[in-house]
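As a plain string of letters, each chain reads:
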Amino acid sequence: VATAYNDLRNREQALLHYQRARTLDPANARAAEGVGAALYHLKRDAEALTALNQALRLDPDNFRLYGYRGGTYSHLRRFPEAEADLMRASELAPTETISLIVLADVYAKQGKHQERLAALEKAQRIEPQNEATRRLVAEANLDLMRASKQGPPPAGSSTAATSAKPAGANCKIAGVQ
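Position labels on residues start from 1 in each chain and follow its written sequence. Given that the model is predicted, a residue must reach a pLDDT of at least 70 before its local features are reported, and side-chain atom pairs must reach 80 or more before they are shown or counted; all residues, however, enter totals for whole chains, interfaces and linings. Hydrogen atoms and water are omitted, and side-chain values are computed over all heavy atoms in the structure.

Draft legend 1. Broad picture of the packing of aromatic side chains. Each aromatic pair joins two rings of Phe, Tyr and Trp (for Trp, the six-membered one) with centres within 6.5 Å, and gets the label stacked for planes under 30 degrees apart, edge-to-face for over 60, and tilted for any other angle. Tallied over the entire structure, the rule returns one aromatic pair. Considering the side-chain rings of Tyr-40 and Tyr-68, the 5.3 Å spacing of their centres and the 55 degrees angle between planes classify their relative orientation as tilted. Here Tyr-40 is found in helix 3 (residues 29-41), whereas its partner Tyr-68 is found in helix 5 (residues 63-75), with 28 residues between them in sequence. Across the ring face of Tyr-66, the terminal group of Arg-88 is positioned such that the distance to the ring centre comes to 5.9 Å. Runs of H or I in DSSP of at least four residues are treated as helices and runs of E of at least two as strands, each being numbered from the N terminus. Put simply, a charge is over a ring when the Lys NZ or the Arg CZ is close to the ring centre, within 6 Å, and near the line of the ring normal, within 35 degrees.

Here it is in C-alpha cells:
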C-alpha cells in the first residue's frame, strides 16, 4: 500500500504506511527506506536524516539511501556531506545517473563549475541519448565559460545550439533539488 501511495506522489500517505510497516517489523529495510524517502520528498530534512541513517544501518550498500541522504544534506547546505554521499551512491550504482545529476546541482550551488560539468559529462557518458542530460551539460558549459569570463560560445557552435534556455533553467530534475 505504501509503495502505491509513493508511486502516486502522495508522500504523506506513503509515510504513514511505511511507518506502520516499520512498527510491525523494525528490521524491514524497504520500509525504512520508504520512511526516509518520503520525509526527503516532504522536505522534512531533520527527520529525513534520522530515518535515512537508520535505514543505512539496515542496508549499508543501498545507493538510493545515499542519494536521498545526499539530497537532504544539500537541502541543509551541508555540501561536503552531500558530495560524499552522492559520490558513494554513484560508486554503488555506476550505471545510474541521478546521483551524478544531483551531485552536479550540489556543485552548482557552490559555484564549482568545473566539477559540475565533470559530473554531468559522466552522466552523459552513461546515458548518451538522454536529452535532459545533454541540456544540462550545455548549460554547465555556458556557466563555466561565463565564470571564466570567456563569454558565450560563438554562434553556430554545438554548445550554443543545444541550449535555448538560460543557464541553470533545467537543474531541477524529477523532483530532486
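Draft legend 2. Fine view of helix 3. Expected helix span is given by 1.5 Å per residue-to-residue step, counting one fewer step than there are residues. With 13 residues, helix 3 extends 18 Å between its outermost C-alpha atoms, agreeing within 8% with the 18 Å of an ideal straight helix rising 1.5 Å per residue. Taking burial as the measure, the 13 residues of helix 3 include ten buried ones, the bulk of the element. Here's how the labels work: a residue is buried when its accessible area is under 20% of the maximum for its type, exposed when over 50%, partly exposed in between, all with a 1.4 Å probe on protein chains only. When helix 3 is considered as a whole, its buried residues turn out to be Ala-31, Ala-32, Glu-33, Gly-34, Val-35, Gly-36, Ala-37, Ala-38, Leu-39 and Tyr-40. Pairs of residues are marked as contacts when any of their non-hydrogen atoms sit within 4.5 Å. If you follow the buried residues of helix 3, they end up packed against helix 2 (11-24), helix 4 (45-58) and helix 5. Directly beyond the C-terminal end of helix 3, a positive phi value near 60 degrees is found at Lys-43.

Draft legend 3. The nonpolar core, seen in detail. We define a nonpolar core as any set of buried Ala, Val, Leu, Ile, Met, Phe, Trp, Tyr and Cys residues linked to one another through side-chain atoms lying within 4.5 Å. Among the nonpolar cores identified, the biggest contains 20 residues, and Leu-86, Ile-101, Leu-103, Val-106, Leu-117, Ala-119 and Leu-120 are the most heavily contacted of them. When residues in this core are grouped by element, the largest group, seven residues, is from helix 7 (residues 98-109). The contacts of Leu-86, once residues within four sequence positions are left out, are Tyr-66, Gly-67, Gly-70, Gly-71, Ser-99, Val-102, Leu-103 and Val-106. One finds Leu-15, Ala-55, Leu-65 and Ala-89 within the second-largest nonpolar core, a separate group that totals 17 residues.

Draft legend 4. Inspection of the packing of helix 7 against helix 8 (residues 113-126) at higher detail. In contact at an axis separation of 8 Å, helix 7 and helix 8 are set at 165 degrees when each is read in the N-to-C sense. Overall, the two elements helix 7 and helix 8 adopt an arrangement that is roughly antiparallel. Considering the relative orientation of helix 7 and helix 8, their crossing is left-handed. Within the contact between the two elements, helix 7 uses Leu-100, Ile-101, Leu-103, Ala-104, Tyr-107 and Ala-108 and helix 8 uses Glu-115, Arg-116, Ala-119, Leu-120, Lys-122, Ala-123 and Ile-126. By the convention adopted, Pro, Cys, Tyr, Trp, Phe, Met, Ile, Leu, Val and Ala count as nonpolar, Lys, Arg, Asp and Glu as charged, and the other residues, Gly among them, as polar. In terms of residue class, the contact of helix 7 with helix 8 is made up of ten nonpolar, no polar and three charged. Simply put, an axis is a line fit to the C-alpha atoms, just over the touching stretch for a helix, and the angle between two N-to-C directions goes from 0 to 180 degrees. In this scheme, roughly parallel covers angles under 35 degrees and roughly antiparallel covers those over 145, while 65 to 115 is roughly perpendicular and the rest are oblique. Less than a right angle of anticlockwise turn of the near helix away from the far helix marks a crossing as left-handed, whereas a clockwise turn marks it as right-handed.

Draft legend 5. Representation of helix 5 within the structure. With 13 residues, helix 5 ought to run about 18 Å at 1.5 Å a step, and its terminal C-alpha atoms sit 18 Å apart, in line with that. Counting buried residues along helix 5, ten of its 13 residues qualify, which places the element largely inside the surrounding structure. Of all the residues in helix 5, the buried ones are Phe-63, Leu-65, Tyr-66, Gly-67, Arg-69, Gly-70, Gly-71, Thr-72, Tyr-73 and Ser-74. Within 3.5 Å is the distance limit for a polar contact, defined as a pair of N or O atoms, with the added protein rule that one can donate a hydrogen and the other accept it, and that residues adjacent in sequence qualify only through two side-chain atoms. For helix 5, the capping residue at the N-terminal end is Asn-62, with a side-chain oxygen 2.9 Å from the backbone nitrogen of Arg-64. Directly after helix 5, the chain includes Arg-77, whose backbone phi takes a positive value near 60 degrees.

Draft legend 6. Looking closely at the environment of Tyr-66. Position of Tyr-66 among the secondary structure elements: in helix 5. Here Tyr-66 falls in the buried class, since its relative accessible area comes to 14%. Sequence separation between Tyr-66 and Ser-90 is 24 residues; the distance between their C-alpha atoms is 8.9 Å. Residues within four places of Tyr-66 in sequence aside, it is in contact with Leu-56, Pro-60, Asp-85, Leu-86, Arg-88, Ala-89 and Leu-92.

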